[in-house]
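So the chains spell out like this:
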Amino acid sequence: MCPVDPSTYMLRTNHLRVKKVQPVRCGPVRLFCFGDYHHSNNVDLSKVDDVDVYGVPAPCIQRSFCCARGKDRIDVESRFETGGEKITLVLEEGRGEEVAAMILNQVEESQQMDRGTSF
């Protein structure tokens, strides 16, 4: 009964593709017959300014009865993103630091390629 985040994230050499899926729910129950809302966003890694990781614990009731784990939230901030909003990735607990390091490595590589320098 605990909601699952069906969104997907794909890290490429120069871009981070974020496909957000927002299923229709009635409380924690997903209503499959109504379909899902989809939104895709491609972030140019050479324009990324900041990557932050936040740990979000599961609510007390879900931890007690569902043995639910918390989530890690990664905020990716780009100077050219419309409206200055951050791209948010939601991952299972314990994966945030690993994925943030992968993104930061690709950001660094992409920015070096953008400047025309490589090591």
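Parameters and conventions
Residues numbered from 1 in each chain as written. Predicted model: local features only at pLDDT ≥ 70, side-chain atom pairs only at ≥ 80, totals over all residues. Heavy atoms only, no water. Helix = DSSP H or I, 4+ residues; strand = E, 2+ residues; numbered from the N terminus. Expected span 1.5 Å × (residues − 1). Buried < 20%, exposed > 50% of the residue type's maximum accessible area, 1.4 Å probe, protein only. Contact = heavy atoms within 4.5 Å. Pairing = 2+ DSSP bridges. Axes fitted to C-alpha atoms, helices over the stretch in contact; angles between N-to-C directions.

**Quick look at helix H2 (residues 96–115)**
For step 1, the next point in the chain: For H2, built from 20 residues, the straight-helix expectation of 28 Å at 1.5 Å per residue is met to within 8% by its first-to-last C-alpha distance of 28 Å.
For step 2, the next point in the chain: For H2, every residue scored as buried is listed here: Gly 96, Val 99, Ala 100, Ile 103, Gln 106, Val 107, Ser 110, Gln 111 and Gln 112.
For step 3, the next point in the chain: Looking at the packing, one finds that the buried side of H2 touches strand S1 (8–11), strand S2 (15–23), strand S5 (36–44), strand S6 (48–56), strand S7 (71–78) and strand S8 (87–92).
For step 4, the next point in the chain: Positive backbone phi, approximately 85 degrees, marks Gly 116, located one or two places after H2.

**Overview of the sheet that holds S1**
For step 1, the next point in the chain: The antiparallel open sheet is built from three strands, whose spatial order is S1-S2-S5. For this open sheet the edge positions go to S1 and S5, each flanked by a neighbour on one side alone. Between one strand axis and the next, the sheet turns through 10 degrees on average, direction left out of account.
For step 2, the next point in the chain: Summarising the sheet, S2 and S5 pair through nine bridges and their orientation is antiparallel. Residue pairing across strands places Val 18 opposite Asn 41, the latter belonging to S5.

By themselves these figures say nothing about function.
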